[in-house]
Amino acid sequence: MTTNVGILGATGAVGQRLIQLLDPHPEFEITALTASESSAGEDYRDAAKWRIDTPIPDYVAEMEVRATDPTYVPNDVDLLFSSLPSSVGEAVEPKFAEEGYVLSSNSSNFRTDEDVPLTIPEVNADHLDLIEVQRDERGWDGAIVKNPNCSTITMVPPLAALEEAFGLERVDVSTLQAVSGAGYDGVTSMEIIDNAIPHIGGEEEKMETESQKLLGSFDGAAIEWHDVDVSASCNRIPTLDGHLENVWADTSDDVTPAGAAEALREYPSIDLYSSPDQLIRVFEEPDRPQPRLDRNYDNGMGIATGGLKETTHGINFNCLAHNTLRGAAGASILNGELLLESGYI
Ligand SMILES: NC(=O)C1=CN([C@@H]2O[C@H](COP(=O)(O)OP(=O)(O)OC[C@H]3O[C@@H](n4cnc5c(N)ncnc54)[C@H](OP(=O)(O)O)[C@@H]3O)[C@@H](O)[C@H]2O)C=CC1
Ligand SMILES: N[C@@H](CC(=O)OP(=O)(O)O)C(=O)O
C-alpha cells in the first residue's frame, strides 16, 4: 500500500530531483504535479526542461501539470512535496494546509517561524510534534513541515554529535558551495568559471538561525533555540554538486580529534528508507572529503567529515553533503517518511 504524493514546483531543479527519487520509492507514488500558470495544462515532458541524468519516468512524462492551487490537486493526495520559489511558497503553502494537505517543504519561507517544525529526522525528529501546536494556532487540518537550507543541513548533524558529547559554545563556518545550489539560472558561466564569489544572499543568516533552531529542545509547546553563537561566511565555487564546509566548533568540555571522530561515527541514524545506515562518515585522509569523490556517499544522503584538528577552544573539521539530495529533495522526502512513520499522513 503506497501513499499518494504530489509535487508543487515539479518542473524546477529540485522538483526534478524529487521525481527522480520518488519514482523508485517503495512508500510513495507520484499522482499530482504542479507548476506556474505558464506550465499548467501541458504534459510534464513538454512543461519541464529535464536536466537530470536519468530519463523522465514514462508515466510522469505523460502526466498533466496543474496550476499550483488547492482546487487543482486531487483530494486523495496525502502528502505534498513543495519546491517552489520561497516567495511563492509563502503565498500558497498556507492555502494548501488550510485545505487539509500536509506539506513537506524545501522552500525557505517559514523555516524559523515558532510553530513550524524544521526537521532533520536523524537530529530532531521530536520537533515534528510541533505540528499539534501549529494546528491549534492556525486552525489547519493540514500542516507545513520544513527541511533546512542545504548548507545548514551539511553541518548540523556533526554539530549535534559534538553537542551531545562535549557541549557546544560557539561555531564558525566558512562554506565552498556548488553552483547547483543557485539553480540553473543562478550564476552564469562567465561569473563562476576561474572564480569564487564570496557572497550568497541570505545564506549566512539562514545558517546562523536555522542551526540554533535545529539544535534546540522541544518541550511539547515550543522550541527553545540553542544559545550557541554561529557565525557563517558563505562562498560560491565552480563545483557542480556538493557543499564543502570548514567548521570551527568551540566546545564546553575538552575534546581531542580522536574523541570527536568517535562521537561523529557513533552518532545514530534513524530507521527510515532514505536515511543512511551510518549518518556521518569520518575520513582519516587529510585531503578528504572532496565534492567530486564524496558527495554521493550513501546515495547522496550521507554526511562526510574529515580533517579533524584540535584548536585552542575545541575542534576544527571539514564536512560535505550533496546539496540537492541530502540538502534539498532527499531532505524533503526523508521528512515525508518521518511524517508517514509518525502517523501524520
Ligand atoms: N536548486 C537547488 O539546489 C536548491 C533549491 N532550493 C530551494 O528550492 C526551491 C526551488 O528551487 P529550484 O528548483 O532551484 O527552482 P526553479 O526555479 O528551478 O523551479 C521553480 C518551480 O516553481 C514553479 N513556479 C515558479 N513560479 C511559480 C508561481 N508563481 N506559481 C507556481 N509555481 C511557480 C516553477 O514552474 P515553471 O516551470 O512553470 O516556471 C518550477 O516548477 C527554492 O525555494 C530554492 O531556494 C533549496 C536548496 C537547493
Ligand atoms: N542558497 C542555497 C540553495 C538554496 O536555495 O537554499 P534555500 O533552500 O535556503 O533557499 C545555495 O545557494 O546553495
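Now for a look at the structure at hand. Owing to the predicted nature of the structure, the values given are computational and were not obtained by experimental measurement. (Residues numbered from 1 in each chain as written. Chains lettered and ligands numbered in written order. Predicted model: local features only at pLDDT ≥ 70, side-chain atom pairs only at ≥ 80, totals over all residues.)

Considering the site of ligand 1
Right, so step 1: Taken together, 28 residues form the shell around ligand 1, and within it Gly9, Gly12, Ser36, Ser39 and Gly183 come nearest.
Right, so step 2: When residues of the shell around ligand 1 are traced back to their parent elements, those giving at least two are α1 (13-22), α4 (86-98) and α13 (325-341).
Right, so step 3: Among the residues making up the shell around ligand 1, the classes are represented as nine nonpolar, 19 polar and no charged.
Right, so step 4: Residues from two domains meet in the shell around ligand 1; each of domain 1 (3-149 + 328-341) and domain 2 (150-322) gives at least three. (Near = placed C-beta within 6 Å. Helix = DSSP H or I, 4+ residues; strand = E, 2+ residues; numbered from the N terminus. Nonpolar A, V, L, I, M, F, W, Y, C, P; charged D, E, K, R; others polar. Domains from an automatic or database assignment.)

Some points on α1
Right, so step 1: In terms of burial, α1 is a largely internal element, ten of the ten residues being buried.
Right, so step 2: Of all the residues in α1, the buried ones are Ala13, Val14, Gly15, Gln16, Arg17, Leu18, Ile19, Gln20, Leu21 and Leu22.
Right, so step 3: Contact partners of the buried residues in α1: β1 (3-8), β2 (28-35), α3 (58-61), β4 (79-82) and α13. (Buried ≥ 20, exposed ≤ 12 C-beta atoms within 10 Å, placed from the backbone. Contact = placed C-beta atoms within 7 Å.)

Structural notes on the sheet that holds strand β7 (residues 168-176)
Right, so step 1: With mixed pairing, six strands are arranged side by side in an open sheet as β10-β7-β11-β14-β13-β12. At either end of the open sheet lies a strand with only one pairing partner, and these are β10 (229-233) and β12 (280-282). Sheet twist, expressed as the average angle between the axes of neighbouring strands with direction ignored, equals 25°.
Right, so step 2: Relative to β10, β7 runs parallel, the two sharing five bridges. Within β10, the position partnered with Val171 by the bridge is Val230.
Right, so step 3: On the sheet, helix α10 (residues 257-266) packs against β12, β13 (303-310) and β14 (314-321) and is oriented at approximately 165° with respect to β13. (Pairing = 2+ DSSP bridges. Axes fitted to C-alpha atoms, helices over the stretch in contact; angles between N-to-C directions.)

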